[in-house]
Structure formats: C-alpha cells, structure tokens
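Read off the chains here:
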Amino acid sequence: MEEEESNMDFEKIVTRSKEVGIEDIEIYAGTSIGTSISLFNGEVDKFTVKDLEVVSIRGIYQGKMGYITTEKLSDDDIDSLLESLKQNALMIEAKEESIIYEGSKEYRLLPHKENPFLKVSSAEKIELLKTLEKSIKETDPRIKQVSNCSYSESVSEVRIINSKGLNLKKSDFYGFMMAAGVARTESEVTSVFDYQIKDNFTSFDPVSLGQEIAKATVSKLNADTVASKSYPVVLKNDVVADLIGAFKGMFSGEMLFKNLTLLKGKENTQIMGENISIIDDPFLEEGLSKSSFDDEGVACNEFEVVKDGVFKGFMHNLKTAKIFKTNPTGHGFKPSIYASVGVAPTNLYLKPGTNEFDALLEGIEEGIYITQVEGLHAGIDPVSGSFSLKSSGFLIEQGKLSRAVKLIVASGKFLELFNQVEQIGNDLRFTYSGIGAPSIKIKQLQISGK
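Anyway, here's the lowdown on the structure attached to this text. Because the structure is predicted, anything quoted here is derived from the model rather than measured.

Concerning the pairing of strand β2 (residues 43–61)
Here comes step 1: By the bridge criterion, 17 bridges tie strand β1 (residues 24–40) to β2 in an arrangement that is antiparallel. Following the sheet pairing, glycine 34 is matched in β2 by lysine 50.
Here comes step 2: Joining the antiparallel neighbours β1 and β2 is a turn of 2 residues, in which asparagine 41 adopts a positive phi near 55°.
Here comes step 3: Sheet topology note: the β2/strand β3 (residues 64–70) ladder contains 7 bridges and is antiparallel. When the bridges of β3 are listed, tyrosine 61 appears paired with lysine 64.

See below:
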C-alpha cells in the first residue's frame, strides 16, 4: 500500500510540472538503510541504524536545468518544490544542453533476490563479531589487541521516474565485516586490517578471516627494508585493485572532457600487454555493485575498457556522450544520493588468469611481494599515470616468501606497469571500493629502500 502511495506522489509531480511550465522533469528517489555495529574486548561499544530517504528532482525550465533535493516529500510540498526548481533553473548561466533521458530500448534484468539480512537478528550479528575477535586473539599469543572490529550492512533502493515515460526501480544490499589485529613484542608493534564483503549473512566466515588477520599481523614482525634497485615484483590482488581504482579516471569521458587523461586519442590502440583485459560488468556474480541501469536511466551492459591490451573506449554518461557525439555507456552514476551525476564504473576488474599464487613466485631469485601501499592520493599523478607509493610486504628468495619488508617506496607508471605483467593469478578479489583484481607478477619495478 505504501508503494502505491509513493507512486501516486511521483506521478502527481510529473503531471503538476507540466501545468506550471516545466518542459521535462525527472524524479530520482533513493532510500538507504544502514546498520553499524562495533565491538571492543567482547563488548558492543557502538550500534547505530540509519534510515535515509531522499528525493532529487531535476527539470528543464526555459531551456535550463534546475535541481531540488528534499528528504521529505508530501503532496503539500509539490508546488513549492517545483517553484524552487524553476527559480534554480533561471540562475543557471551555462549554455550546455540539458537532457532528460527517454529510456533505453531494452534492459537486462537482474534476478530478484530477497534481502537476506532482514532475517538475521542483532544478536546474531554481534555474535559474528565476537567470533571474529576471538579467532584473531586465539590464533597467535603475540596478538595483544583487536581494533576496528565492526560489522555494517547497507540496503538501498533507487527509483527513477520522468516525464518521458521512464519508470525504473532497483535495489541492492551487502554486508561488511572487518577487523585489525595488533601484535606486540618488546621492540615492535605491527597491525594488519582485513575484511569480508558478502551479499548473504551466512556466507561470512569469521574464523577463517580472524586466522588470516592474525597470521598476517605477526608475519610483519621483524620487518626491515631492502637495497634500492629494480626487482621482479608480485603485487597482491588488493594492491592491484587499489592501483586500478586510483587511475580509473583515465578511462572516464568526464576526464576526457577536462583534458585530464593520457588516453585521449588512443582508442583502439595497444596501451597494455596482450595478456591484460579490464572489464566493467554490472552483472558479474562476484561484483559488489550489480545494476540494470545507471542513475540517469541508461541501460547498463558489460563494457570492455581494455581488451587484450587494446584500449576500447571511454565510459560515458549522457552529458559526455553528447559532447563527444557517441552513445552513453551506462556509467552515469552519483557518488552519493545528494551528489550530481558523474562517470563511474559498476564492477571494474582485471580479468584473472589461471595461475595459483605460488606459481607467481616461481623463478624469482630475489624479488618483492607487495601486500600494502599507502598514499594513493598524494603519491599518484592521475594525468601522467606516474606513482610513488610507500609500500610493505615480503622479500621473495628462490621462489619462496622470506622475511617481512617495510620502509620501501614502489615507483613507476600505470601503463608501463601493465606492459610488464608476466603472469596473472586466479585469485580475483573485489575491494570495498568496488574494484576487482587478481595478484600479478611484474617483470621489473623500481623499489627505493636503503
């Protein structure tokens, strides 16, 4: 019954907008319900639930696009909202063409899934964290503390209705469990953070995550630096995903418009090794952000950004597609409910190979396995593609992991890095930023140490 009333409200806005002289209008309604729980020493120290409903309306009045956003909407508000929208439109000085999308010819539907988190009690979620914390502490006596032990879940729904007949709806949900182990000796303290992201509560494995965190934390003890030179390098899957995420703007039509991508004019040319394919797939089963349409109502489909090393083209929203006289690619997304539409991928990932992790280490007499990088904002230049990142990991000796390594800086260029990939692992993992990658073996990378 509530859904029928909401539908009626939105249709009233569309009908009323025409009566007051608005040429075209679009309503973007987003709801978000989030739960967050944190634990410290076996006790809950934070439990919050946030329920947010935002309606964002944009409309074309006298050829200009006006915007208005509200957290509450009733029939009594419609006239005042539309009047504010008209006034906002009149204040726009830019002369770019405004677009309300009529809809794609067809949309690939996602299979309907009931939200599994609704059936899970708060007590079960708290018990999940207690098991995680216990697993970390009991795995190794050198673990002295567990920090940031927390669980969160997000349930969101988006509806888009406009005056051109578009009427779309989608929902998404996932849960996130994380913690950091802290190991101490008389002379050293180390800490490692890790997490699991699942679309079903029963898929969480707090025991295995806890063991992995504990083992990774103590393995960092007694770390030292290495001599400065070029090394064969293996990059952990999370690190590869972080790098792709940091430089994903070079594939964006928005950055092309701003002349801030080094890929301008390089469509259909070889930019990476032939073993590299980078894909954005809104329907990927392992992906975290599945979607049939973007936040402008454009249908989403699998999009090959790089295929066998060849750059296939830029991601576009309606605005950038219009500027470059091409078709939108279904990448017009808002970074938040309140934000304006930009260009962003759904599930952007490096296509995995078939190699087990140990195979990536084989043949390396002396190399570095990088498990963590820092300074992804300060240490990169997204325009030139260069990076210089404080890193840590392990020394590789005779094809095996050796001692822990710290106080090193890995430097290079993004495109050159992906022209140096010798092997690709089969351990595809998506980070919490929604970027996925397997581990990769790099022929040579400059490492600065002592």
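Alright, that's what it looks like, and here's the rest.
Details of the nonpolar core
Here comes step 1: Ranked by size, the top nonpolar core spans 49 residues in total, and within it Leu235, Phe251, Met272 and Phe418 carry the most contacts.
Here comes step 2: Take this core: its biggest share by element is 6 residues, from helix α5 (residues 237–247).

As for the environment of lysine 144
Here comes step 1: Here lysine 144 lies in strand β4 (residues 143–162).
Here comes step 2: Expressed as a C-alpha distance, the spacing of lysine 144 and lysine 64, which sit 80 residues apart in the sequence, is 61 Å.
Here comes step 3: Setting aside anything within four residues of it in sequence, one finds lysine 144 in contact with Val182, Ala183 and Arg184.
Here comes step 4: Among the polar contacts made by the side chain of lysine 144, one reaches the main-chain carbonyl oxygen of proline 141 at a distance of 3.2 Å.

Concerning the environment of lysine 64
Here comes step 1: For lysine 64, the position within the fold is in strand β3.
Here comes step 2: Judged by relative accessible area, lysine 64 falls into the partly exposed class, the value being 29%.
Here comes step 3: Sequence-wise, lysine 64 and isoleucine 92 are 28 residues apart; in three dimensions their C-alpha atoms are separated by 6.7 Å.
Here comes step 4: If sequence neighbours within four positions are ignored, lysine 64 has contacts with Gly59, Ala89, Leu90, Ile92 and Ser98.
Here comes step 5: Among the polar contacts listed, one links the side chain of lysine 64 to the backbone oxygen of isoleucine 92, at a separation of 2.9 Å.

Some thoughts on the environment of aspartate 294
Here comes step 1: Mapped onto the fold, aspartate 294 is located in the loop between β8 (278–280) and β9 (303–307).
Here comes step 2: Each C-alpha atom of the pair aspartate 294 and isoleucine 160 lies 9.8 Å from the other, and the pair is 134 residues apart in sequence.
Here comes step 3: Once residues within four sequence positions are removed from consideration, aspartate 294 is found in contact with Ile160, Lys170, Cys300, Gly330, His331, Gly332 and Phe333.
Here comes step 4: Within the structure, the side chain of aspartate 294 is placed 2.9 Å from the backbone nitrogen of glutamate 296, a separation counted as a polar contact.
Here comes step 5: Among the polar contacts made by the side chain of aspartate 294, one reaches the main-chain amide nitrogen of glycine 297 at a distance of 3.1 Å.

Quick look at the sheet that holds β3
In any sheet, the strands associate via hydrogen bonds between backbone groups, in a parallel or an antiparallel arrangement.
Here comes step 1: The strand order across the open sheet built from 6 strands is β3-β2-β1-β4-β5-β6, with neighbouring strands paired in antiparallel fashion. Each edge of the open sheet is held by one strand with a lone partner, namely β3 and β6 (189–198). Each strand axis lies, on average, 15° off the axis of its neighbour in the sheet, ignoring direction.
Here comes step 2: Against the sheet, helix α4 (residues 206–219) contacts β4, β5 (167–184) and β6, and its axis sits at roughly 155° relative to β6.

Observations concerning the pairing of β5
Here comes step 1: Direction of pairing for β4 relative to β5: antiparallel, over a ladder of 16 bridges. Considered in β5, the bridge of serine 150 is made with methionine 178.
Here comes step 2: Hairpin connection of β4 to β5: 4 residues between the antiparallel strands, including glycine 165 at a positive phi of 95°.
Here comes step 3: Here β5 runs beside β6; their pairing, made up of 10 bridges, is antiparallel. Bridge pairing in β6 places glycine 175 opposite lysine 198.
Here comes step 4: Counting the residues that bridge the hairpin from β5 to β6 gives 4 residues.

The rules behind each value
- Residues numbered from 1 in each chain as written.
- Predicted model: local features only at pLDDT ≥ 70, side-chain atom pairs only at ≥ 80, totals over all residues.
- Heavy atoms only, no water.
- Pairing = 2+ DSSP bridges.
- Helix = DSSP H or I, 4+ residues; strand = E, 2+ residues; numbered from the N terminus.
- Core = buried A, V, L, I, M, F, W, Y, C linked by side-chain atoms within 4.5 Å.
- Buried < 20%, exposed > 50% of the residue type's maximum accessible area, 1.4 Å probe, protein only.
- Contact = heavy atoms within 4.5 Å.
- Polar contact = N/O pair within 3.5 Å; in protein donor to acceptor, adjacent residues only side chain to side chain.
- Axes fitted to C-alpha atoms, helices over the stretch in contact; angles between N-to-C directions.

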